[in-house]
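Residue-level listing of the chains:
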Amino acid sequence: MTFKKGLPHFAAGTVVKGFGRGSKELGIPTANFEPHVVKELPVELETGVYFGWAQIDNGAIHKMVMSVGWNPYYKNVEKSMETHILHKFPSDFYGRYLKVCMLGYLRPEKDYSSLDALVADIRNDISEAEKQLEQSAYITLKSHEFFTSDSKKVDNNQ
């Protein structure tokens, strides 16, 4: 399997409060990284929707989809990395440590004429991520040392 330039990309940091739209408005909760993590993204990684693996506080590793960019529907002025972990958590996890491994690119970000159209595309992204992450090349990265190490340092040249 050939990865898109800049992938896989490993990122880690503390979960901070985002815009409060994921759970409340979209019904799709997201974990947001601190701005410095977003600024460390390689320039070759386009804005858009990615899939990969995520882990909270060295716990279980779960499938995820992530929006990277300015979310044109909401006209954000600051670039963000919003991770939706494909697992039900009993409560939010602000202040906890999130590790992600971005593996594949699903689509560019785009504007929407309605909230329903945005939610429909996110649901499609989730479905596609579920399928993609069943491929053996992606499953192998679930056991990468990035997830098994207690280190809070990220080295994307691993």
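What you see is a predicted model, and the numbers here were worked out from it, not measured in a lab. (Residues numbered from 1 in each chain as written. Predicted model: local features only at pLDDT ≥ 70, side-chain atom pairs only at ≥ 80, totals over all residues. Heavy atoms only, no water.)

1. Remarks on the packing of aromatic side chains
For any two aromatic rings, the description comes down to two numbers: the centre-to-centre distance and the angle of the planes. Under the definition given, this model contains 6 aromatic pairs. Ring centres 5.2 Å apart and planes at 85° place the aromatic pair Phe51 and Tyr138 in the edge-to-face group. Placement of the pair is Phe51 in strand β3 (residues 48–56) and Tyr138 in helix α4 (residues 136–141), with a sequence separation of 87 residues. Geometry around Tyr105 places Lys4 over its ring, the cationic atom sitting 4.2 Å from the centre. Sitting above the plane of the Phe146 ring, Lys99 keeps its charged end 5.4 Å from the centroid. (Phe/Tyr/Trp six-rings, centres within 6.5 Å; stacked < 30°, edge-to-face > 60°. Helix = DSSP H or I, 4+ residues; strand = E, 2+ residues; numbered from the N terminus. Lys NZ or Arg CZ within 6 Å of the ring centre and 35° of its normal.)

2. A closer look at the pattern of salt bridges
Throughout the structure, instances matching the rule amount to 7 salt bridges. In this structure, the salt-bridge partner of Glu46 is Lys4, at a minimum N-O distance of 2.7 Å. Of this pair, Glu46 sits in the loop between α2 (35–39) and β3 while Lys4 sits in the segment before β1 (9–16), placing them 42 residues apart in sequence. Classification of Lys4 by relative accessible area gives partly exposed; the value is 31%. With its nearest N and O atoms 3.2 Å apart, the salt bridge here joins Glu130 to Lys63. Residue Glu130 is located in helix α3 (residues 115–132), and its partner Lys63 is located in strand β4 (residues 61–69); the two are separated by 67 residues in the primary sequence. Among the residues examined, Glu130 registers a relative accessible area of 33% and is labelled partly exposed. When salt bridges that share partners are traced, they join Lys63, Glu130 and Glu134 into one network. (Salt bridge = Lys/Arg side-chain N within 4 Å of Asp/Glu carboxyl O. Buried < 20%, exposed > 50% of the residue type's maximum accessible area, 1.4 Å probe, protein only.)

3. Observations concerning the sheet that holds β3
Strand order in the closed barrel formed by 6 strands is β1-β2-β5-β4-β3-β6, with antiparallel pairing between adjacent strands. Between one strand axis and the next, the sheet turns by 40° as a mean value, whatever way the strands run. Note: β3 against β4, 8 bridges, orientation antiparallel. Looking at the pairing, Gly52 lines up with Met64 of β4. Taken strand by strand, α3 contacts β3, β4, β5 (80–85) and β6 (97–107), and its axis lies near 135° from that of β4. (Pairing = 2+ DSSP bridges. Axes fitted to C-alpha atoms, helices over the stretch in contact; angles between N-to-C directions. Contact = heavy atoms within 4.5 Å.)

4. Let's talk about the pairing of β4
In terms of residue burial, β4 counts as a mostly covered element, since 9 of its 9 residues are buried. The antiparallel hairpin formed by β3 and β4 contains 4 residues in its connecting segment, where Asp57 sits at a positive phi of about 45°. For β4 and β5, the ladder comprises 6 bridges, and the chain directions are antiparallel. Within β5, the residue paired with Val68 across the bridge is Met81.

5. Some remarks on the environment of Gly6
Relative to the elements of secondary structure, Gly6 occurs in the segment before β1. When the C-alpha positions of Gly6 and Glu46 are compared, they lie 9.5 Å apart, and in sequence the two are 40 residues distant. Once you skip the residues sitting within four places of it in the chain, Gly6 turns out to touch Glu44 and Leu45.

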